[in-house]
Amino acid sequence: MKLSTQINLGLLVLILMVGAGASFLEIEQTKAQAIQSTETLSKETATRLNAQLSSFNESQWNNKSLLKSIVDAAFLNKDVTHISVENDNGSVLIEKRTSNSAQGVSLLASVVELSDSSSQVEIPTTQNVVKVKSSPNSHYVNLWRQLLKICALCVVLYILAAIVVVLTSKRAVRSVGKVTKKLNELQNNDFSPSSIETSTKDFLYLVSAVNNLSLSLENKFQELTRQAEQFKSVASRDTLTKIANRNAFDRHMKALIGGISSPKEYAITLVRLAQLTNINHKLGMLAGDNYVCSVADIIKKASQEQFTSAFVFRISGGDFAILSDVQPKDVHEENLAIMSKAFTTINPLRDGSKAAWIGVARFTNSMSLKEIMESADSALMAATKRPQGWQFASDIAEVHSNAKWRERLNYVVSQQYADILIQPVMNLERNTPSYYETFARFKDKQTNDIIPMSQLIPASERLDLIPEVDKLVTSIVFKKLKVTAHQVGINLSNASIANSEFREWLIKQLSEHESLCHRIVFEVQDAALIHYNEEAVALCKRITQLGCRITVEHFGDNFASLSGLRAIQPAYVKLSGRLTESIHTNKDNQLFVSSLLNIARSLNIKVIAEKVEHEAESVALNNLDIIHQQGYYFSKPALWTVY
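Everything numeric here is computed off the predicted structure, so don't read it as measured data.

This paragraph deals with the sheet that holds strand E5 (residues 265-273). With mixed pairing, the 5 strands of this open sheet are ordered in space as E6-E7-E5-E8-E9. At either margin of the open sheet sits one strand with a lone partner, and together these are strand E6 (311-314) and strand E9 (390-392). Ignoring which end each strand starts from, the neighbouring axes of this sheet average 20° apart. Relative to strand E8 (residues 356-364), E5 is paired through 9 bridges, and the arrangement is antiparallel. Of the residues in E8, the one forming a bridge with Tyr-266 is Phe-363.

Following this line, the structure appears as structure tokens:
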């Protein structure tokens, strides 16, 4: 109900009370006047008739017409209602009655009782008696008029007061309307400052608070915008090699194949590090990083000297891509030979094995990204069988390559087995793991070697087998949880979240293992909140209802995912590894992480820093009050043994 309406109702009640009080006083006053005036009237009328009749002789007393005219004359006053002349025997010589009722008299008489008055006078010369009765009819009429005046006055006063209240309230709440409009603008991310003024001191505190809030949010928004623009360039670059990363690659490919320009052909050259896993295990992470950087330097040099209009990207841990204009095949082969020869010089294992494999595919802007990557990946797979270490997609049967991958993946799924590795997410306040993140490792059917996840994940996505892989991993984790007390994190891929059959399977499995749910944390990529928002939000809500918790990974990579956090209310967000690497020396990242930390805390969400590999990084993160940390500094992923 509007404020003006509430005030007007209050005024109506007040005016009704005043009107009722005035009417009561008027009635009491009329009662007092009626008693006095009716008595006086009856006495005066009787006395006047007595004076006229006292001089009558016998013949005049017998003249009925004369008596009637005298009595009629006494009825000139409308309040006289009955006159009679009686002899000493009580016989009525002459009598007249009248009923002078006016508008409102009958109604008032049923509510307000005014007394009648009677008087009689004996005529001295005879034994006759004059009797007069008067009523308060005129007082009823006057009272009716006064009450109508009071009602009319109340109505007029209410109308005038209501108009004044409406006009005053409109002027008073005009500032509230401006405040509401400004709050809606803030909700729509319009933080432009505007000074709101108020015409009443009652809303001064509210207007002042909104003005201060608007100014504060504008300053924070400008700072976050500056940081976002600054981080955007950082987020588009690989922190280790300083070249463009997968985010930049996806945007670049979208620009190439998403437009409506005339058909044009391009070339994609994929370089896959053949020995990265072996080097990391045998020589350590530092040697692996040096290996990656050396390959990146060779690729950057080749893109500048040997390719036309070339762009270089690191699209995963062990994969690089060169996007360029199409070259004649013999020229391209010559360039690949130069790169391959350069790669042999930077293999720290010195065992004669290939340092990298190279696959090349041509594509047009009418093809989809999936088709392009299938073609290039097929060439890469074929390159592992070639002595020179490279392969053109045009020279192989892509179907054969995909069939090989499908055979490998189907074997993995059919075995219903995988090695599960775990890595703790440490709570530094308690110096104990909050939970353990799980990683699956699968062995190849022919070689019995671990299939690199950098190869298995793209192939699984390409062949739509990711949901089957996630089902296998989840089932194995459930079995291990039954014989251990660990709290563990299970990664859910975007493809699985988008798959309705997988979502139904997962909910069914959790319902059957409800006693385990409180020990399970599902890790969801923040990209899922963008690309599959409806499915991701619905699945996360159902999972949390069953008692599980949610961690959103890669927090800070995609600003659009912030809107999804409020919808699912995860227990944790895991900062992107790009932000935590060398954070002790990167002031911009420290400032940006502080901003993200404030966002998470405002939603009551704990923050995890991943890929913490050095003590200095851990200390810097701890100084930022990030107490949940994960990385090689604490522990490498280790085989989860429960027997």
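After presenting the structure, the write-up continues.
Here we come to helix H14 (residues 466-481). Given a rise of 1.5 Å per residue, 16 residues ought to cover 22 Å, and the 22 Å separating the end C-alpha atoms of H14 matches this to within 8%. Counting buried residues along H14, 13 of its 16 residues qualify, which places the element largely inside the surrounding structure.

Bringing the pairing of strand E11 (residues 432-441) into the picture now. Bridge count for strand E10 (residues 419-427) against E11 is 9 bridges, and the pairing is antiparallel. Following the sheet pairing, Asp-419 is matched in E11 by Arg-441. In this structure, the hairpin formed by E10 and E11 is closed by a connection of 4 residues, where Asn-431 is found at a positive phi of approximately 60°. Note that E11 and strand E12 (residues 488-492) share 2 bridges and pair parallel. Bridge pairing links Tyr-436 to Val-488 in E12.

As a further point, take the environment of Leu-380. You can see Leu-380 is positioned in helix H11 (residues 369-383). Taking relative accessible area as the criterion, Leu-380 reaches 2% and is therefore assigned buried. Note: C-alpha distance between Leu-380 and Trp-390 (10 residues apart in sequence) is 7.2 Å.

So, how was this worked out
Residues numbered from 1 in each chain as written. Predicted model: local features only at pLDDT ≥ 70, side-chain atom pairs only at ≥ 80, totals over all residues. Heavy atoms only, no water. Pairing = 2+ DSSP bridges. Helix = DSSP H or I, 4+ residues; strand = E, 2+ residues; numbered from the N terminus. Axes fitted to C-alpha atoms, helices over the stretch in contact; angles between N-to-C directions. Expected span 1.5 Å × (residues − 1). Buried < 20%, exposed > 50% of the residue type's maximum accessible area, 1.4 Å probe, protein only.

All we've got here are geometric facts, nothing functional implied.
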